[in-house]
Amino acid sequence: MKKLSFIFALIILSSAFVNAQFGPPPGGGGDGNGRSRQANQPAMPSFESTAPKGNSKITGYVVDSALTGAVEFANVSLINKTTNKPIDGTIADEKGKFSLTKIAAGEYKLLITFIGYDNKVFENLKIEKGKDVELGVIKLSPSSKMLEGVTVSSEKSMIEEKVDRLVYNAEKDLSSRGGDAADVLKKVPMLSVDLDGNVSLRGTTNIKVLINNKPSTIVASSIADALKMIPADLIQKVEVITSPSAKYDAEGAAGIINIITKKSTIEGFSLNIDSGLGLRGSNLGLNGSYRSGKLGVTLGGFGRAFYNKASTTLDQSTIQNGNTVLTKQSADAKDNGLFGRYNLGFDYEISKKQSLAASINFGTRNFTRGQDYITDLFVNNNLSSTSFRNVTSKDNSNSIDVNLDYVRTFKPQQEWSVSTMYSQNNLTNNFDADLLNNAKDLVSRQRNLNGNINREFTVQTDYTTPVKTNQLFEFGVKSIFRKVDSDYQYLFAGSTGGFASDAKNPSGLLKYSQNISSGYLSYTYSTKNKYTFKVGTRYEYTSIEANDQKSSIAIPSYGNLVPSINISKSLGGTSTLKLAYNNRITRPGLQQLNPNFNAANPQNITVGNPSLKPEITNNVELSLSTNINKTYLNIAFFGRQTNNSILRISAPSDTLAGAIVTTFQNVGKQQTLGTNIFGNVFLTSKWTVNGGIDLMYNYLDGQVLDATGKLTSINNSGVTIGGRLMTQVTLPKGWGIQGFGGYRGNQVQLQGMQGGSGMYSLGFKKDLANKKGSFGLAVENIFGGMKMTSTLNSAQFNQVSVNNIYNQNIKLTLNLKIGNMKFVEQKKTKGVKNDDVKGGGETNN
């Protein structure tokens, strides 16, 4: 009770954070001419100050004539028919909705305009005293007129900058269709994805990934595996939040990645069919929705079959018992996977100011890898043995997420919400190994069984209220209850007969419970001279209980006060300068905690550490974004220091000749200085080029065992360079073409370096009549696969590993939209956001 009382006291007494909610964000959206949508909008006309006021209201929704989306930020002007002068006006919001209030009785004209569309005029709009007018859905037709000699398109830019985040509009991505979320994230500024699907933000994998603002236990277990379960075709946009506010959980050293999937804003029935057929993967997705009155229902399913092949080589030398042991290993691998994600959702409008939403999401992953190892061991330069080992690894999971959310709106920007979530993920990480003689005769068999259950229950409540017209106040409390059970065992069998317990590798069990109580307070203040101040604080208290088969594991409880400060200044209407500081926590994830001794490759073994403690990171960032004619440019400089870092530590095995064992330890600190530069250029209204470069200097300091077995301090540093370049051309008659190329630079590690890799793709798309669907063709890495070389070094060993993935791909895609529908306002919902668990990180092959 004392801990809970402290949290509530903190909410009352703390000073706060800011999340600007006033008007369109600086730099948001594109106008087809390279300028931000906000900066390039025609100025609103001056209104007659003597116009009479009344108590009527005019509302409506502005959408594209093809019903493909809302026309956000469209200008709406109410004109006096007698004087032909505007007397009131507004701008449509991001859902296309607008509202004019306090309208007096009379006859008016209503003019709706937006660049790239023909004007829409209601010539005879009669307002009766005390009666509201609902215009419903208003369709704007694309304009073919010339503006400054250039045909203007009103399509949204691929990249948008919001007040506190960068947004990548994935629905415009042609070449990723038929792929998964990892294919999309490769193209997002500031992000990089390695060959195994591990995502890093500004050079670190210490991030949090949300799906529609919500967590999932599948993401907590492995970000790379979760991304394989999300189809690229269903992703609307990706938000990269490098300086999260106090409202977010304190997890994620570098920030948060929020994947937003496509949602229904339609009245009636619709069905989307997404399919793809390729050399390395095929997919099929069906997503239906129905909305009538106050009730909306969505039902969807997606399945993807994946197949690929790879080869690896491993050269390593170790010093064991005074002898030098050299290992030379090669392996060919074949990967097969079947991934699926299925969802059922409801939303219900209890009243005009109350809504209820519920959803159930099921996920499944079945991944199998077959590898044939050939290993030569040399002791003091003399061949000691040659072994042949065929390994079949299974990485399977089944997950379920259940959400129930309630929102009560009192007035614009004032609302109260309660959100709950239950999530469970059942994981299986097994392997079977056949030990052969001369690559033919079976000598013995080995089996590792590792089952994991990850459960999580969350409840939170949030309250938001405006203060005057330029301030916003937010606070909330949240509790997360987690439980992880992991059991593992090794079995052994001869060339004949059944399996029995393996005495050399005993079984084990881990029970791990983690409870987090938190509270936050935030405050936003905007000034007349275009400054916005966002200050906030969050307190989190974490208690842990852990035990194995032998005894309890002593992990003390801990509390963290996490401040955040964001300051932005609008410069001249086309530029924004931002300064941010925040403090973050990174708790260990399941892959770091799991004590299973994974010896699928007995020369390269991994084992988790259930005694890990959290990392603490301090971040500072300075950025400038500007629009110059037809060019958008964003430059950011950042610094990051992480104490008590969870680092991968490798050392020679005490018992296995030539083997290296890798585990995780809180042994060091990390310092990073870097810059991200991104630009978007409209060469014409139909041809855009965008790209960016990431440059970072990393310094790591930690402790490892030396040749005598004593702890010694070591450090490593280096520069990491990465980048991406994309071009997109809109052609006549619904055709489009897109090209992409990207490179992920070498990643500095405490004991060495993880190699970089590159990728490229080219995609074509043709829209069907009335935009009722599309078909396309895309190629990826068609002239060769990807190669990644990594090195590890210490006084006791040296390792060089090379991983080749032959992922050339050609794929055909088809999308169909079926249904009779019209746009309506999407119901506002809230959701649980658990941002506090470290992802799986890199994996060893």
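Residues numbered from 1 in each chain as written. Predicted model: local features only at pLDDT ≥ 70, side-chain atom pairs only at ≥ 80, totals over all residues. Heavy atoms only, no water.

Participant: Could you clarify how one ought to interpret the overall build of the protein in this entry?
Facilitator: For the protein, the helix and strand inventory stands at 6 helices and 45 strands. Here the protein holds 845 residues, and the buried ones make up 55% of them. Sequence separation of 24 or more characterises 69% of the internal contacts of the protein that already satisfy a separation of 6 or more. Entry remark: accessible area of the protein is about 35,600 Å², with carbon and sulfur atoms responsible for 56%. (Helix = DSSP H or I, 4+ residues; strand = E, 2+ residues; numbered from the N terminus. Buried < 20%, exposed > 50% of the residue type's maximum accessible area, 1.4 Å probe, protein only. Contact = heavy atoms within 4.5 Å. Areas by Shrake-Rupley, 256 points an atom, 1.4 Å probe, with all protein chains shown as cover.)

Participant: How do you make sense of the confidence of the model for the protein when you look at a structure like this?
Facilitator: Should pLDDT be low for a region, the predicted coordinates there are not to be read in detail. Of all residues in the protein, 82% attain a pLDDT of 70 or more, and the chain-wide mean is 80. Confidence over residues 1–47 falls short of pLDDT 50; this stretch has 146 contacts with residues more than four positions distant or in other chains. For the stretch residues 144–155, pLDDT sits under 50, and the model shows 28 contacts to residues farther than four places along the chain or on other chains. (pLDDT = per-residue confidence, 0-100.)

Participant: Just checking my understanding: could you explain the pairing of strand β34 (residues 631–652) for this structure?
Facilitator: Walk down a regular strand and you will see the side chains alternate between the two sheet faces. Across 13 bridges, the pairing between strand β33 (residues 615–628) and β34 is antiparallel. Residue L622 lies in a different strand from β34, and its bridge partner there is F637. In this structure, the hairpin formed by β33 and β34 is closed by a connection of 2 residues, where N629 is found at a positive phi of approximately 55°. (Pairing = 2+ DSSP bridges.)

Participant: Would you take a moment to explain the sheet that holds strand β1 (residues 53–64) for this structure?
Facilitator: Two pairing modes exist for strands in a sheet, parallel and antiparallel, and in both the strands are linked by backbone hydrogen bonds. Ordered by their spatial adjacency, 3 strands build an open sheet running β4-β1-β7, and the pairing between neighbours is mixed. Taken across any chain shown, the strands that pair with only one partner, and hence form the sheet edges, are β4 (97–103) and β7 (133–140). The average angle at which neighbouring strand axes cross in this sheet is 20°, direction not considered. Where β1 and β4 come together, 6 bridges link them in antiparallel fashion. Residue pairing for β4: I58 is matched across the bridge by L100. (Axes fitted to C-alpha atoms, helices over the stretch in contact; angles between N-to-C directions.)

Participant: What should I look at first to understand the nonpolar core in this one?
Facilitator: Inside soluble globular proteins, nonpolar side chains tend to come together where they are buried. Grouped together as the largest cluster of nonpolar side chains are 32 residues, with contacts concentrated most on L185, I257 and I259. Of all the secondary structure elements, the ones that give two or more residues to this core are β11 (166–168), α3 (181–185), β12 (191–193), β13 (199–201), β14 (207–211), α5 (223–228), β15 (235–241) and β16 (255–261). Looking at this core, the element that brings in the most residues is α3, giving 4 residues. If we ignore the near neighbours within four places in the chain, the residues touching I259 are A181, L185, V209, L210, I211, N212, L227, I230, I235 and K237. Within the second largest apolar cluster, 24 residues are counted, among which are F73, I103, F114 and I138. (Core = buried A, V, L, I, M, F, W, Y, C linked by side-chain atoms within 4.5 Å.)

Participant: When you look at the pattern of salt bridges in this model, what are you seeing that I'm missing?
Facilitator: Any two side chains of opposite charge can pair, given that their charged atoms come close. In the structure shown here, the tally under the stated rule is 14 salt bridges. Each of R455, D485 and K511 takes part in salt bridges that share partners, so that together they form one network. (Salt bridge = Lys/Arg side-chain N within 4 Å of Asp/Glu carboxyl O.)

Participant: Would you mind going over the sheet that holds strand β5 (residues 106–113) with me for this structure?
Facilitator: Read from one edge to the other, the open sheet built from 4 strands follows the order β3-β2-β5-β6, with strand pairing classed as antiparallel. Of all strands in the sheet, those with a lone pairing partner are β3 (86–91) and β6 (120–127), marking the two edges. Between one strand axis and the next, the sheet turns by 20° as a mean value, whatever way the strands run. As defined by bridge partners, strand β2 (residues 75–80) adjoins β3 across 5 bridges and the pair is classed as antiparallel. Opposite V76, over in β3, you have T90 as the bridge partner.

Participant: I'm lost on the packing of aromatic side chains in this one. Help?
Facilitator: Working definition: an aromatic ring pair is given by the centre-to-centre distance plus the angle between the planes. Within the structure shown, the criterion is met by 8 aromatic pairs. Between Y406 and W416, the ring centres sit 5.9 Å apart and the planes meet at 75°, which makes this aromatic pair edge-to-face. With a gap of 10 residues between them, Y406 in strand β22 (residues 382–411) and W416 in strand β23 (residues 414–437) connect regions that are remote in the sequence. (Phe/Tyr/Trp six-rings, centres within 6.5 Å; stacked < 30°, edge-to-face > 60°.)

Participant: Could you clarify how one ought to interpret unusual backbone geometry in this entry?
Facilitator: Most peptide bonds adopt trans geometry, and most residues besides glycine take a negative phi value. Of note in this structure, N321 is not a glycine but carries a positive phi near 55°. Here N321 is to be found in the loop between β19 (295–320) and β20 (323–351). Even without a glycine there, the phi angle at K733 is positive, about 60°. Inspection of the secondary structure puts K733 in the loop between β37 (711–730) and β38 (735–744). Note on K733: relative accessible area 73%, which makes it exposed.

Participant: How should the environment of N124 be read in this particular structure?
Facilitator: Within the element layout of this structure, N124 appears in strand β6. N124 sits in the exposed class, given a relative accessible area of 64%. N124 sits 14 residues away from L110 along the chain, and the two C-alpha atoms are 8.3 Å apart. In this structure N124 touches K81 and Y108, once residues within four positions along its chain are discounted.

Participant: Sorry if this is basic, but what is going on with the environment of T312 here?
Facilitator: By the element assignment, T312 lies in strand β19. As for T312 and D332, which are separated by 20 residues in sequence, their C-alpha atoms are 6.6 Å apart. Residues within four places of T312 in sequence aside, it is in contact with Q329, S330, A331, V802 and N803.

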